[in-house]
Amino acid sequence: MAIAGILVQTDTETAEAVWTRLSVDPHIAEVHRAEVPGRLVAVLEADSDRMEQEFKRLAAWDGVLSIDLAYLTYEDELADGGTIKCPPWERKHRSA
Amino acid sequence: MECSRRDFLRYMALSAALAAVSGAPLPASAARQDDKPDTWVKGVCRYCGTGCGVLVGVKNGKAVAIKGDPDNHNKGLLCLKGALLIPVLNSPDRVTSPMARKTKGGPLEPIGWDEALDLLAKKFRTAIDTHGPKSVAYYGSGQCLTEESYLASKIFKAGLRTNNVDGNPRLCMASAVGGYVTSFGKDEPMGTYEDIDQASCFFIIGSNTSEAHPVLFRRIARRKQATPGVKIIVADPRRTNTSRIADLHIAFRPGTDLALMNSMAWVMIHEELDNARFWGKYVAFKDNEGKDCTFDDYKAFLEDYRPEKAAAICHIPEEQIWQAARLFAESPATMSLWCMGINQRVRGVWANNLIHNLHLISGQICRPGATSFSLTGQPNACGGVRDAGALSHLLPAGRVIANPKHRAEMEQLWGLPEGTISPDPGYHTVALFEALGKGDVKAMLICETNPAHTLPNLNKVHKAMSHPDSFIAVIEAFPDAVTLRYADLVLAPAFWCERDGVYGCGERRYALIEKAVEPPQGCRPTVNTLVEFAKRVGVDPKLVNFRNAADVWEEWRTVSKGTTYNFYGMTRERLRKESGLIWPCPDEKHPGTRLRYVRGEDPIVPADHPDKFFFYGRPDGKAALWMRPYQGAAEEPDADYPLYLTSMRVIDHWHTATMTGKVPELQKANPSAFVEINGDDAKSLGIAHGDACVVETRRDKLTLPARVSDVCRTGLIAVPFFDREKLVNKLFLDATDPISREPEYKICAARIRKA
């Protein structure tokens, strides 16, 4: 599985709720509060073909303003499989 | 402390994210891990002009990870494209050997390096001996290292004595160059990215920052989130993701932004929001021909742009002009950001001037957060091409070919006899490929760019590149680049951090990319290729006495001494230690320059200068405010082609996707081109989302699937240009700005129907 270090930005009012939710999420290895209110740092683990979906999933949570990526490694996937898996294709829709 | 390798990687991930928040360096304990040590090699992202610092993780000689450099301006953050550079670096889909065609139109076959370089030299020498130096050319790139661009320009201009040296920044940044030079006397922004953290109002025009410069967009969004009262104005005919954080989105009719900005200036003066103390001392008013004028002349000129008139031109509510002007002028500090929507126009230089005008008339300039900041598309368009003089009218460090004093300076610096450098500027890009098609240019060396995909009016370009008497050599890392279809010779370069060199990003920051890994066998650093070519084609060896990129850098920093670019203080060793330095940086103790033209900040301004601001590039020391009229596009919609067509970017791909197309996540996110169309237009044409549509202009037609949305305003359709199977640049015309010679990719007339 790939490992990503992410920065989660939240409204200051919802930071605690998002922290709690991240703490119990199966794809989050650990989460910490940063000194700046409304900012959390976390380690996200997922197969590379699911990583983008995971970003979108977390970004869609109530109270989450943005997900930024600070670190990403596929070393274990490359070492194990010799390749990085492709995510499934999905058409992007925008409402008319 | 024992921990598994996976634990260590989790720790690195967390540390990187934390460093991004706090700006703190990584904990020292991370470096003391004795469990399979990683090497982290400093560099710069390969993609856009933001110039994010990166650290490439190397294990057993292979790149295995990447993270943002916490000590660079991006504070450890990367966008998804930058974070996914390792699969590109490790891609097996590489040119790993020189290749040549035995006959024109025949297949490319591998050949050895000696044979390739001999062939290259022979073709260029034959062309020069038979047809003269103007029959050869170099077409370079804002993705080459600075050392490569500087060296190529020197070889061709000083060695082969032709000024036919141009590059793809002609297609993206030339109008920004023209704007800065005509307004301030010198190219390049006066501020830095740090101004984002100080601005109270952002005027974003002709830029989809959220998709084209995501890390900077995040910084703007964070500024708005963290600071009450920060306002964002987005002026764009498309309601992009950028405009979704705007307090005011102005969806003007394409090409009418000149009227919009003149009208904003009218409001500022009418409401006495102009800063007479500033413009009275530091601004020279010029009419469109450059004649000196007065403030009253400017006021009279702006009467044609009263809000009610401009609103009718722009097809926007008049109230938006009043609101934008007030926000701009009344904010404690206003920062403008723009990109291709302004530059890629037949009046791109004028549009740039009008942005600068707003800052000059309101005094929103030359202080933290108040600045006019042009966003750069490529990672090294600034440092490598603009600053090093690798365009057909330029010489290094802001010198111009047309100036005999500048030519004499370079002849002396390069040890050339007087009169060596030709006084005639060479062909700009569109003219260069036209000359190729006419047979006037016989031999061309193309380096790290994809003109057969990126030039406008592509059918004409393809025909030109197929001229039976031409010889086209291409230095290109990836075999799927469309340009290779027209190459007679292909050379195999080392890519990105497979060799060391400098990139100069949009905020005047020069940063070193250190060599992290060896290139594939068969690939060579381009500096060495250029030196070998020069020696074999008969250039004086003294001109190319370089062993490597570091030697070239030493010469270039010496050439910058005494100029307004002076970065003599950026020794290689210093760049190795720092995460970039911002020029001017005249000596090794100088920290770099945050604000240009400001006494006490800019080392070029004498410490005892009587005025606080000194625009030293202009003869009178004042900035120029130009009275530029509104003028429409080269091709406006008409009865036959009733829609505006524009080009755009998508966040998942960069340029022609020769790199991003190798990353499964990015390719799957946006696999192919489409045409974006407004819902009301689609409904009236009977087009549903996903329908195959024929998009047609006077030049060609393409069938593309429709994306129906509220992004484009009515009357406008938009296409992305990354797809090599759907070359949308066949649709656009090659009309150019008469000052900058940058083509108008952003506007042409089109029609669309369901296929």
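Everything quoted here is computed from the prediction, not taken from an experiment. (Residues numbered from 1 in each chain as written. Chains lettered and ligands numbered in written order. Predicted model: local features only at pLDDT ≥ 70, side-chain atom pairs only at ≥ 80, totals over all residues. Heavy atoms only, no water.)

### A short note on the sheet that holds strand E1 (residues 2-10) of chain A
Link 1 in the chain: Read across the sheet, 7 strands follow the order E2(A)-E3(A)-E1(A)-E4(A)-E3(B)-E2(B)-E1(B) without closing on themselves; strand pairing throughout is antiparallel. Sheet topology places strand E2 (28-33) of chain A together with strand E1 (39-44) of chain B at the edges, where each strand pairs with a single neighbour. Geometrically, the sheet is characterised by an average inter-axis angle of 25° between neighbouring strands, direction not taken into account.
Link 2 in the chain: Across 8 bridges, the pairing between E1 of chain A and strand E3 (residues 39-46) of chain A is antiparallel. Paired with Leu 7 of chain A across the strands is Val 41 of chain A, a residue of E3 of chain A.
Link 3 in the chain: Sitting on the sheet, helix H1 (residues 15-23) of chain A is in contact with E1, E2, E3 and strand E4 (64-73) of chain A, with an inclination near 155° to E2 of chain A. (Pairing = 2+ DSSP bridges. Helix = DSSP H or I, 4+ residues; strand = E, 2+ residues; numbered from the N terminus. Axes fitted to C-alpha atoms, helices over the stretch in contact; angles between N-to-C directions. Contact = heavy atoms within 4.5 Å.)

### A short note on the nonpolar core
All names here are of chain B.
Link 1 in the chain: Of all hydrophobic cores here, the largest spans 95 residues; its most connected members are Phe 124 and Phe 156.
Link 2 in the chain: Leave out the neighbours within four places in its chain, and Phe 156 touches Phe 124, Val 136, Ala 137, Tyr 138, Arg 161, Thr 162, Val 165, Leu 445 and Phe 533.
Link 3 in the chain: If you look at the next biggest cluster of nonpolar residues, it comprises 64 residues, including Phe 252, Tyr 298, Phe 613 and Phe 615. (Core = buried A, V, L, I, M, F, W, Y, C linked by side-chain atoms within 4.5 Å. Buried < 20%, exposed > 50% of the residue type's maximum accessible area, 1.4 Å probe, protein only.)

### Re the domain arrangement of chain B
Residue and element names in this part refer to chain B.
Link 1 in the chain: Parsing chain B into structural domains produces domain 1 (5-89), domain 2 (110-170 + 380-404 + 424-501 + 526-544), domain 3 (174-375) and domain 4 (643-732).
Link 2 in the chain: Buried surface at the junction of domain 1 and domain 4, summed over both partners, amounts to about 840 Å²; 78% is from carbon and sulfur atoms.
Link 3 in the chain: On the domain 1 side of the contact with domain 4, Tyr 47, Lys 81 and Leu 84 bury the most area, a combined 60% of that side's loss.
Link 4 in the chain: Between the two partners, domain 1 and domain 4, sit 0 salt bridges.
Link 5 in the chain: Taken together, the elements giving at least two residues each to the side of domain 1 that touches domain 4 come down to helix H3 (80-83) and helix H4 (85-89). (Domains from an automatic or database assignment. Buried area = accessible area lost by both parts, 1.4 Å probe. Salt bridge = Lys/Arg side-chain N within 4 Å of Asp/Glu carboxyl O.)

### Regarding the packing of aromatic side chains
All names here are of chain B.
Link 1 in the chain: Under the criterion given, the structure shown has 34 aromatic pairs over all chains.
Link 2 in the chain: With centroids separated by 5.7 Å and ring planes inclined at 75°, the aromatic side chains of Phe 203 and Phe 328 adopt a geometry described as edge-to-face. With Phe 203 in strand E8 (residues 201-205) and Phe 328 in helix H15 (residues 318-330), this pair connects stretches of sequence that are 125 residues apart. Exposure class is identical for Phe 203 and Phe 328. Each is buried.
Link 3 in the chain: Ring centres 5.1 Å apart and planes at 50° place the aromatic pair Tyr 597 and Phe 615 in the tilted group. Remark: Phe 615 occurs in the loop between strand E20 (581-582) and strand E21 (623-626) and Tyr 597 occurs in the loop between E20 and E21; sequence separation between them is 18 residues. Like Tyr 597, the residue Phe 615 is buried in the burial classification.
Link 4 in the chain: Every member of this aromatic cluster is reached through a ring pair, and the members are Tyr 180, Phe 184, Trp 338, Tyr 597, Phe 614, Phe 615 and Tyr 616. (Phe/Tyr/Trp six-rings, centres within 6.5 Å; stacked < 30°, edge-to-face > 60°.)

### Quick word on the packing of helix H11 (residues 257-270) of chain B against helix H14 (residues 307-314) of chain B
All names here are of chain B.
Link 1 in the chain: The N-to-C vectors of H11 and H14 enclose an angle of 165°; their axes lie 9 Å apart at closest approach. Overall, the two elements H11 and H14 adopt an arrangement that is roughly antiparallel. Between H11 and H14 the crossing geometry is left-handed. Residues Ala 259, Leu 260, Ser 263, Trp 266 and Val 267 of H11 touch H14, and the partners they reach there are Pro 307, Ala 310, Ile 313 and Cys 314. (Parallel < 35°, antiparallel > 145°, perpendicular 65-115°, else oblique. Left-handed = near helix turned anticlockwise from the far one by under 90°.)

### Description of the interface of chain B and chain A
Link 1 in the chain: Facing 46 residues of chain B, the contacting portion of chain A comprises 44 residues.
Link 2 in the chain: Regarding the contact of chain B and chain A, the summed buried area is about 3900 Å², with carbon and sulfur atoms giving 60% of it.
Link 3 in the chain: Of the charged contacts in the structure, one is a salt bridge between Asp 68 of chain A and Arg 218 of chain B, with a shortest N-O distance of 2.6 Å.
Link 4 in the chain: The interface formed by chain B and chain A holds 3 residue pairs in polar contact (both at pLDDT 80 or more) in total.
Link 5 in the chain: Per-element accounting of the side of chain B that touches chain A gives the leading share, 12 residues, to helix H1 (residues 5-22) of chain B.
Link 6 in the chain: Taken together, the residues of the side of chain B that touches chain A sort by class into 24 nonpolar, 8 polar and 14 charged. (Polar contact = N/O pair within 3.5 Å; in protein donor to acceptor, adjacent residues only side chain to side chain. Nonpolar A, V, L, I, M, F, W, Y, C, P; charged D, E, K, R; others polar.)

### Quick look at helix H20 (residues 429-438) of chain B
Residue and element names in this part refer to chain B.
Link 1 in the chain: The buried fraction of H20 is high, at 7 of 10 residues.
Link 2 in the chain: Taken as a whole, H20 has its buried residues at Thr 429, Val 430, Ala 431, Leu 432, Phe 433, Ala 435 and Leu 436.
Link 3 in the chain: Gly 439, located one to two residues past H20, shows a positive phi value of around 90°.

### Topic: the sheet that holds E21 of chain B
Residue and element names in this part refer to chain B.
Link 1 in the chain: One open sheet accounts for 3 strands, arranged E12-E11-E21; its pairing is mixed. Of all strands in the sheet, those with a lone pairing partner are strand E12 (292-293) and E21, marking the two edges.
Link 2 in the chain: Here strand E11 (residues 283-286) pairs with E21 via 4 bridges, running parallel. If you follow Lys 286 over to E21, its bridge partner there is Trp 626.

### A few points about helix H19 (residues 404-413) of chain B
Residue and element names in this part refer to chain B.
Link 1 in the chain: All of the buried residues along H19 are His 406, Arg 407, Met 410 and Glu 411. Considered in projection along H19, the buried side chains sweep an arc of 135° and stay on one side of the axis. Away from its buried face by more than 90 degrees, H19 exposes Pro 404, Lys 405 and Gln 412.
Link 2 in the chain: Taken together, the buried residues of H19 touch helix H24 (549-559).
Link 3 in the chain: For H19, the N-terminal capping position is held by Asn 403, with its side-chain oxygen 2.8 Å away from the main-chain nitrogen of Lys 405. (Arc of directions from axis to C-beta.)

### As for the pairing of E2 of chain A
Two faces make up the sheet, and in a regular strand the side chains alternate between them.
Residue and element names in this part refer to chain A.
Link 1 in the chain: Of the pairings in the sheet, the one linking E2 to E3 comprises 5 bridges and is antiparallel in character. Each bridged residue has a counterpart across the sheet, and for Val 31 the counterpart in E3 is Ala 42.
Link 2 in the chain: As consecutive antiparallel partners, E2 and E3 are separated by 5 residues, and within that stretch Gly 38 has a phi angle of approximately 85°, a positive value.

### Structural notes on unusual backbone geometry
The phi torsion of most residues other than glycine is negative, and most of the peptide bonds are trans.
Residue and element names in this part refer to chain B.
Link 1 in the chain: Pro 584 follows Trp 583 through a cis peptide bond whose omega is 0°.
Link 2 in the chain: Residue position: Pro 584 is located in the loop between E20 and E21.
Link 3 in the chain: Within the chain, Arg 161 stands out as a residue other than glycine whose phi angle is a positive 65°.
Link 4 in the chain: Here Arg 161 is to be found in the loop between helix H6 (146-159) and strand E7 (165-167).
Link 5 in the chain: The exposure class assigned to Arg 161 is partly exposed, which follows from its relative accessible area of 44%.

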